[in-house]
Amino acid sequence: MAGLQVEVDGSIMEGGGQILRVSTALSCLLGLPLRVQKIRAGRSTPGLRPQHLSGLEMIRDLCDGQLERAEIGSTEITFTPEKIKGGIHTADTKTAGSVCLLMQVSMPCVLFAASSSELHLKGGTNAEMAPQIDYTLMVFKPIVEKFGFKFNCDIKTRGYYPKGGGEVIVRVSPVKQLNPINLTDRGYVTKIYGRAFVAGVLPFKVAKDMAAAAVRCIRKEIRDLYVNIQPVQEPKDQAFGNGNGIIIIAETSTGCLFAGSSLGKRESLVSPKLECNGMTSARHNLRLPGSRDSCASAS
């Protein structure tokens, strides 16, 4: 596709990978050649990491485009898109790089492909500095489907830091357009729910303790409300490696969803503050009584 090349400075704002993902997706959708410089200049290790590179390569393959200077550590790429064709595609970070961030860069493109798409995304399903797969399924999916499209996300294997090893399969049918929605009225909280999980060698008791502690944190501020935090032991044949974490979601009377999450740290997988970290994040996003003025980002 011919068009004036768009120049993007990857160091603006926080200088992370998000500007690269958004720019590449928009380039693919609009058919405009793209050059991104100073990629991830704000990070301790600037340049492309495996997750970013595998995402770029998948978008290139989705549209039979041209991708130049794309290699691990590169701080500059150029991308020339063609028509988005859909089909079956695979992106494998070969690390614990987030499959949810792979979904972020690819989802806008496959929505407007020439045919249905099936994306095999491999890496970490529950990773730091990225949405957890539980957030994607429990918060992102029901909200974006209000715009008039459906997608299926099948978790084949969960993967955790540092090994990764997770895989999800995303199936999307293209649409002609997205429908507008109105979610400007937050409404009032009607229920709070979530899941506390453990995987690998961690005992189920850890998940139960996290769930119980999260409920206690919630009850300190909200007494007369339905709360259901489910403890979960991930099946051994559906999880690779060890991990634990929690996600807490508040649903409102107008259909809004506010969430917060927290993951166990690799140096101390069983953290006594983990469950309250998840609640604190959810509380800040919702601005429940007792929260600070600034909102914490959902995971």
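What you see is a predicted model; the values in this text were computed from it and never measured.

(A) Spatial organisation of the layout of surface pockets. Taken as a whole, the largest pocket holds about 1100 Å³ of empty space. Lining the largest pocket are 36 residues, and of these Ala96, Ala127, Glu128, Met129 and Tyr161 lie nearest its centre. Only α1 (18-30), α2 (50-63), α3 (99-110) and β12 (243-252) provide two or more residues apiece to the lining of the largest pocket. For the lining of the largest pocket, the element with the highest residue contribution is α2, accounting for 3 residues. Tallied by class, residues from the lining of the largest pocket come to 12 nonpolar, 15 polar and 9 charged.

(B) Structural view of the nonpolar core. With 40 residues, the main nonpolar core has Ile77, Phe79, Met103, Leu121, Phe151 and Val170 as its most contacted residues. Residue contributions to this core peak at 8 residues, all from α3. For Phe79, the contacting residues outside a window of four places in its chain are Thr24, Ser27, Cys28, Leu32, Pro33, Leu34, Ile59, Arg60, Cys63, Gln66 and Leu67. Counting residues in each nonpolar core, the second largest holds 18 residues, with Val189, Leu202, Ala214 and Ile218 among its members.

(C) Quick peek at empty space enclosed by the protein. Under the definition given, this model contains 2 cavities of 30 Å³ or more. In this structure, the largest cavity spans a volume of roughly 60 Å³. Lining the largest cavity are Leu20, Arg21, Thr24, Gln51, His52, Gly55, Leu56, Leu101, Leu102 and Val105. Contributions of two or more residues to the lining of the largest cavity are made by α1, α2 and α3.

(D) Seen up close, helix α4 (residues 133-144). Residues Ile133, Asp134, Tyr135, Thr136, Val139, Lys141, Ile143 and Val144 constitute the buried set of α4. Against α3, β7 (151-159), β8 (166-172), β9 (189-199), β12 and β13 (257-263) lie the buried residues of α4.

(E) Region of the structure containing the packing of aromatic side chains. All chains considered together, the criterion is met by 3 aromatic pairs. Between Phe140 and Phe151, the aromatic rings sit 6.2 Å apart at their centres with planes inclined by 50°, giving tilted as the arrangement. Here Phe140 is found in helix α4, whereas its partner Phe151 is found in strand β7, with 11 residues between them in sequence. Judged by relative accessible area, Phe140 falls into the partly exposed class, the value being 32%. Its relative accessible area of 4% is what places Phe151 among the buried residues. The interplanar angle of 20° and the centroid separation of 6.0 Å between the aromatic rings of Tyr160 and Phe197 together place this pair among those described as stacked. Of this pair, Tyr160 sits in the loop between β7 and β8 while Phe197 sits in strand β9, and the two are 37 residues apart along the sequence. Three or more aromatic residues link up through ring pairs in this structure, and these residues are Phe140, Phe149 and Phe151. Against the face of Phe151 rests Lys141, its NZ or CZ located 5.4 Å from the ring centre.

(F) Highlighting the pattern of salt bridges. Scanning all chains against the criterion turns up 15 salt bridges. One salt bridge in this structure joins Arg35 and Glu7, with 3.4 Å as the shortest N-O distance. Of the two residues, Arg35 is situated in strand β2 (residues 34-37) and Glu7 in strand β1 (residues 6-9); the sequence distance between them amounts to 28 residues. Across the pair Arg69 and Glu76 runs a salt bridge, and its minimum N-O distance is 2.3 Å. Members of the salt-bridge network, linked through shared partners, are Glu7, Arg35, Arg69 and Glu76.

(G) View of unusual backbone geometry. Following Tyr161, the chain continues to Pro162 via a peptide bond in cis, the omega torsion being 5°. In this fold, Pro162 is placed in the loop between β7 and β8. A positive phi angle, close to 55°, is found at Arg40, a residue other than glycine. Here Arg40 lies in the loop between β2 and α2. What makes Arg40 buried here is its relative accessible area of 9%.

The rules behind each value
- Residues numbered from 1 in each chain as written.
- Predicted model: local features only at pLDDT ≥ 70, side-chain atom pairs only at ≥ 80, totals over all residues.
- Heavy atoms only, no water.
- 1 Å grid on protein atoms, 1.4 Å probe; cavity = no way out; pocket = protein on both sides within 12 Å on 5 of 7 lines; lining within 4 Å.
- Points joined across faces, edges and corners; volume = space filled by probe spheres on them.
- Helix = DSSP H or I, 4+ residues; strand = E, 2+ residues; numbered from the N terminus.
- Nonpolar A, V, L, I, M, F, W, Y, C, P; charged D, E, K, R; others polar.
- Core = buried A, V, L, I, M, F, W, Y, C linked by side-chain atoms within 4.5 Å.
- Buried < 20%, exposed > 50% of the residue type's maximum accessible area, 1.4 Å probe, protein only.
- Contact = heavy atoms within 4.5 Å.
- Phe/Tyr/Trp six-rings, centres within 6.5 Å; stacked < 30°, edge-to-face > 60°.
- Lys NZ or Arg CZ within 6 Å of the ring centre and 35° of its normal.
- Salt bridge = Lys/Arg side-chain N within 4 Å of Asp/Glu carboxyl O.

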